[in-house]
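# Structural characterization, general
Below, each chain spelled out in residue letters.
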Amino acid sequence: MSSVKRIGLPVVGQDGPDDAPDCRGADGRRHWRSLEEWSEGAAAAKAEFPRGAAFLPEALTRRGFLQMLGASAALAGVAACRPPRQEIHAYVRHPEQALFPGNPVPYATALARHGHAVGLLVTTVDGRPIKVEGNPDHPESLGASGRLEQATILDLYDPRRIEGFTARKQPKAYRTLLRELATVAATHEKDGGARLRFLTGATGSPLLLDLRRRISERFPRARFHAYESLTEEATADGARLAFGRALDTRLHLDGARIVLALDADFLSDGPSALRLAREFAAHRTPGPDMSRLYVAEAHLSTTGAAADHRFRMKPSEVLGFARQVAAALASSQGLGDLARIAGDAKPTREASAVAEDLARHRGASLVIAGPRQPAAVHAIAHAMNAALGNAGKTVDYAAPPTEEPAGPRQLAALAKDLAAGAVETLVITAWNPVYTAPADVDLEALLTKVPDVLYLAYRPDETSARATWVIGESHPFETWGDARAHDGTVSIVQPLVQPLLESISEVELLAAFLGEAEKGAYQLVQDFWRARSGAGAAFAARWGTWLAKGVVEGTAAKGEAPTVRFADVAGAAGQPPPKAEGLEASFVVDKLDDGRFAENAWLLELPDPITTISWDNAAMVSPRTAQELGVETGTRVELRLRGRKVDAPVFVAPGHADGVVTLPLGWGREAAGPTATNVGFDAGALRGSQAAWIEPGLALAPFGKRKHKLVQTQEHFSMEGRDLALSFDARAWEEEGPKRLEHLRGAVNAMYSPFGYDKQAFKWGMGIDLAKCTGCNGCVVACQAENNIAVVGKAQVARSREMHWLRVDRYFSGPPENPEVVSQPLMCVHCEAAPCEYVCPVNATVHSDEGLNEMVYNRCVGTRYCSNNCPYKVRRFNFLEYQKGKAPLEKLRMNPDVTVRYRGVMEKCTYCVQRIERARIAVRASGQNKIPDGELQTACQQACPSQAIVFGNLADPESRVSKMHQDERRYDLLHFLGTRPRTAYLVRIRNPNPALSA
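Since we're looking at a predicted model, the values are computed, not measured.

The contact between helix α10 (residues 318–332) and helix α13 (residues 375–387) brings their axes to 10 Å, and the two run at 20°. The angle between α10 and α13 falls in the class roughly parallel. Here α10 and α13 pass one another in a crossing that is left-handed. Across from Val318, Leu319, Ala322, Arg323, Val325, Ala326 and Leu329 in α10, the residues of α13 making contact are Ala376, Val377, Ile380 and Met384.

Time to look at the pairing of strand β7 (residues 196–200). Taken across its five residues, β7 has five buried, putting it largely inside the fold. Here β7 shows no split at all, with Leu196, Phe198 and Thr200 on one side and Arg197 and Leu199 on the other all buried. As defined by bridge partners, β7 adjoins strand β15 (residues 425–428) across four bridges and the pair is classed as parallel. Its bridge partner being in β15, Leu199 is matched across the sheet by Ile428. In this sheet, strand β8 (residues 223–226) lies alongside β7 in parallel orientation, the contact comprising four bridges. Within β8, the residue paired with Thr200 across the bridge is Ala226. Between β7 and its parallel partner β8, the chain crosses via helix α6 (residues 206–218), and the hand of that crossover is right-handed.

Strands in a sheet are paired, the pairing made by backbone hydrogen bonds, and the direction either parallel or antiparallel. An order of β2-β3-β4 is seen for the three strands of this open sheet, with the pairing classed as antiparallel. The sheet is open, and its two edges are formed by β2 (105–113) and β4 (128–134), each paired on a single side. Adjacent strand axes in the sheet meet at a mean angle of 35°, parallel and antiparallel pairs treated alike. Pairing of strand β3 (residues 116–125) with β4, which is carried by six bridges, proceeds in the antiparallel orientation. Considered in β4, the bridge of Leu120 is made with Gly134.

This model, assessed by the stated rule, comprises 63 salt bridges. Residue Asp972 is joined to Arg970 by a salt bridge in which the shortest nitrogen-to-oxygen separation is 2.8 Å. Pair check on accessibility: Asp972 and Arg970 agree, each one buried. Beyond isolated ion pairs, a larger network of salt bridges with shared partners links Arg113, Glu228, Asp593, Asp594 and Arg596.

Reading the values: rules and limits
- Residues numbered from 1 in each chain as written.
- Predicted model: local features only at pLDDT ≥ 70, side-chain atom pairs only at ≥ 80, totals over all residues.
- Heavy atoms only, no water.
- Axes fitted to C-alpha atoms, helices over the stretch in contact; angles between N-to-C directions.
- Helix = DSSP H or I, 4+ residues; strand = E, 2+ residues; numbered from the N terminus.
- Parallel < 35°, antiparallel > 145°, perpendicular 65-115°, else oblique.
- Left-handed = near helix turned anticlockwise from the far one by under 90°.
- Contact = heavy atoms within 4.5 Å.
- Buried < 20%, exposed > 50% of the residue type's maximum accessible area, 1.4 Å probe, protein only.
- Pairing = 2+ DSSP bridges.
- Right-handed = clockwise from strand over helix to strand, strands pointing away.
- Salt bridge = Lys/Arg side-chain N within 4 Å of Asp/Glu carboxyl O.

Right under this line is the structure:
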């Protein structure tokens, strides 16, 4: 790998070094995948094979083998699944339909994360949950699902789950546990619970909040403390500054045409990310209503990659930039209320252009502050939205379920009681607080001062090792409950299967302190909602409707537009903090969330949307900072901050701000299972409670010549000047875009003859709109879950042996300091003249009469001729027995409609042929002869929050996919080869501000 030292810092607007070949595509841009490729220029293009093409045999270590298996380790004793004892309702269907063997039935439920719920439909087959989808009736999912929601199904069948209950390492039966919990509760009732504490996670569940209230009434001196490591009190504090009270901020991008994101990755992170991605994508097609996105941030995020203008800056500089925009709005746009907030800030050219654009779209613009930013930035965002007339239109506010957010302040209050020895019993339902606690709160040592620590745990972890009572926790798909979405909408959480292992839920554990645990979660949920809704037949009917649709109607909180206290905001905003010496540490949320998904093999192997790193995290720095520090990608360094230190590898990231080190959280678990033990480094070990997200004074020192191998999937193949991912500016597209695409569509003389059709009713095809795709990778995990795709492990991914049928390629264009990004989902494109079909000696890959390029696995003998002949490199070969030897528990997760492939077999995307056949059978059974457009969806299409992927029947000229294929933005990948792919792409269109593009 070439040294980062010779990359240099390019001139703004420079596309590459002097020796770079002219590999510009139809969009006029030169695309590159990595800094090394950008730097190497002609030398890289002349190489016959891309890096990683050579196969270097390596011994497969025991650790590597266990990591490769992931969640496939053996767990004996589970032979089958049984549906829950209580009545559950299929989604808008009569439950009797679930009685047919092999019939997939979706059930509506919800999944709460960090206190906010997303509505889901979980498909079960013979009582086995096998697939997660979004609930189209839920206001926050709208039928979509993200990578975390998709991966949750793998955790359900995790063999490392805790089974049963232990007290001081002695196993307890369920009834014995309840009796002993009742004894503990009775002991604390004598003094009103003075020495009783609860450490919970954030929640909006009406039932859990009611149980907490009732426990507080029984034990008036007991205290509840809520803690989430990814929750920042600054969000609530900013609302208090602006409005005088804590309020939840609710964004509405459907009416926003100009958006300014202040360090806010709203397209991939947050309780409303799925909905916001849908609303944002709806206005990204060329036309007068096309939106424009400005992003100010340090590291290149998913939202930053989608931006029309991205401003690199340190996280600590965002406050100053916000004040500059406010100053421009006050001085040149007539918004005098913002004058005091701006103070003496002098608007830059960028801030002035942004302010003018926002003011030109008053009432249709939006300023978003990210949760990592301090309270002052949130207050300024509220003030600007109010002054622009956005409040009540593109943003509104509602009271949160709890007044105090679940952040470090509450944990600090508990730590004070623990240190004083004032706690006799601590009940923990928060996820693994020993691991997630700030580095300056030694919770591990403080727990030794508590005689009884009761921990509700899903897996053995850092906290369970220090608990005296370890209580197995039920998976959300195994228990009853309720959950509240960010807009206040409540869903009833219904189980899809009885607990696979003996366990209880948080509802039952808290109910034990009220003497009601024996009722069970189902009765507790019903009693609570019956008391709210009334008894009798009316409640029974409403209850069935709630379960079937997954939404309790009428529970959404009413939005309001409160008055902003501009004077208070001005006082808090003040002057930006002085520039600090040294590097700035910036902690960010990664694909593993706060670490609770660190043992999920699907997510570990999933490439990061921007860095494309798999099975690792890294300390990210800019090219200039790497030069100054004398490091390059893979260099092992020691990071020091306020006396704390960690060992980490470096990744030199395009688009990164100078003087900042970005540290992804959730990795480096020491008490995780073999899948995740010591995978990545624990950035949380540097994180303090006073500055949980942004802190100056970080020192970075290399460990000599030590190197760490970071695996990037994007490095496996090169564009080599071909037109793959295309992007145009809106003005350039209007002037000449369609003409420049003419050579990428239409008839081409091909080496092979296209397949002939005899007026078939179905001709399946797909369209992918690059203007809508955010590169979130949710489609990749959805495809993996649907098609029983294996996990191969880091060593195999390093050899380009990943098995994902669908990959999301990421390409840069422009200078490395601030490049533009295009994300491109790519799977088998089902060529009409498929090169793979003509070279298979055993006819294992064939063409169907409906246009599918099919694989007959039983015929395949593993010659790999088809893969060598595929110009798109979308075929995957089972080099090893990735799927063999699965335990009964793991087999329960498999989709029975999809064959499980073994060693020596080629596999690839099938356009979800099993779903096609299911839809065909349903249509025939109903006496029809046509599948309605939109009723049949592939797994990737159904998961996509931005609706960038469309699948359908090309024989129907009125279908959405047919119209996409006729769109003027349509082009075909590698069109000159004459393969005539059935998957067409629509070029990405950006909407830059002419004032900043000059």
